[in-house]
Amino acid sequence: MATIDTIKEVLQENLDIDPETVAEDSTLESLGIDSLDMVELICELEERCDIEFGEPEGIDTIGAMVAYIDSL
């Protein structure tokens, strides 16, 4: 599964965000993702993708998140 699809799935399941509204240029703010939601999202993505997210900085769009995860 492509990273963006995994992110869309997690957003839908955990934060009830419609996957159709999520694009690579979507900002976390425009999707209503706050810092607490981001922690939840990171924990779930670490589990699903079998990665260690670390302390990401500068991730403000879905595309930036995809690029970060794919670089791990």
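Scoring rules and cut-offs
In this numbering scheme, every chain counts its residues from 1 along its sequence in written order. A pLDDT threshold of at least 70 governs which residues receive local features in this predicted model, and a stricter bar of 80 or more applies before side-chain atom pairs are shown or counted, although totals over entire chains, interfaces and linings include all residues. The side-chain values count all of the structure's non-hydrogen atoms but skip hydrogen atoms and water molecules. Think of it this way: any DSSP run of H or I at least four residues long counts as a helix, any run of E at least two long counts as a strand, and we number them from the N terminus. We compute the radius of gyration from the C-alpha atoms alone; for a globule the expected value is 2.2 Å times N to the 0.38, where N is the number of residues. When a residue's accessible area, from a 1.4 Å probe over protein chains only, is under 20% of the maximum for its type it is buried; when over 50% it is exposed; and in between it is partly exposed. This arc is taken over the directions from the axis of the helix to the C-beta atoms. For this analysis, residues touch if any pair of their heavy atoms sits within 4.5 Å. Take the buried Ala, Val, Leu, Ile, Met, Phe, Trp, Tyr and Cys residues and link them wherever side-chain atoms come within 4.5 Å; each set so joined is a nonpolar core. Think of each axis as a best-fit line through the C-alpha atoms, taken over the contacting stretch in the case of a helix, with angles from 0 to 180 degrees between the N-to-C directions. Roughly parallel here means an angle under 35 degrees, roughly antiparallel means over 145, roughly perpendicular means 65 to 115, and every remaining angle is called oblique. Should the near helix be turned counterclockwise from the far one by less than a right angle, the crossing is left-handed, whereas a clockwise turn marks it as right-handed. For every residue, the predictor assigns a confidence score, pLDDT, that lies between 0 and 100.

Caption draft 1: Inspection of the overall build of the chain at higher detail. Regarding its fold elements, the chain presents three helices and zero strands. The linear arrangement of helices and strands in the chain, starting from the amino end, is α-α-α. Scaling as 2.2 N^0.38, a compact globule of 72 residues should have a C-alpha radius of gyration of about 11 Å, and the chain matches this with 11 Å. Its C-alpha atoms give the chain principal-axis dimensions of about 25 × 25 × 20 Å.

Caption draft 2: Looking closely at helix α3 (residues 62-71). Three or more residues of α3 are buried, namely Ile62, Gly63, Met65, Val66 and Ile69. End-on, the buried residues of α3 take up no more than an arc of 160 degrees, which puts them together on one face. Of the surrounding secondary structure, the elements contacted by the buried residues of α3 are α1 (3-15) and α2 (35-49).

Caption draft 3: Examining the nonpolar core more closely. Among the nonpolar cores identified, the biggest contains 21 residues, and Leu11, Ile62 and Met65 are the most heavily contacted of them. Breaking this core down by element, the ones donating at least two residues are α1, α2 and α3. Sort the elements by how many residues they give to this core and α1 lands first, with five residues.

Caption draft 4: Focus on the packing of α1 against α3. Relative orientation of the contacting elements α1 and α3 amounts to 120 degrees, with a least axis distance of 9 Å. The angle between α1 and α3 falls in the class oblique. Here the hand of the crossing between α1 and α3 comes out right-handed. Residues Thr3, Ile4, Ile7 and Leu11 of α1 lie in contact with α3, whose contacting residues are Ile62, Met65, Val66, Ile69 and Asp70.

Caption draft 5: Fine view of the confidence of the model for the chain. Of all residues in the chain, 100% attain a pLDDT of 70 or more, and the chain-wide mean is 95. Ranking the elements of the chain by mean pLDDT puts α2 last with 94 and α1 first with 97.

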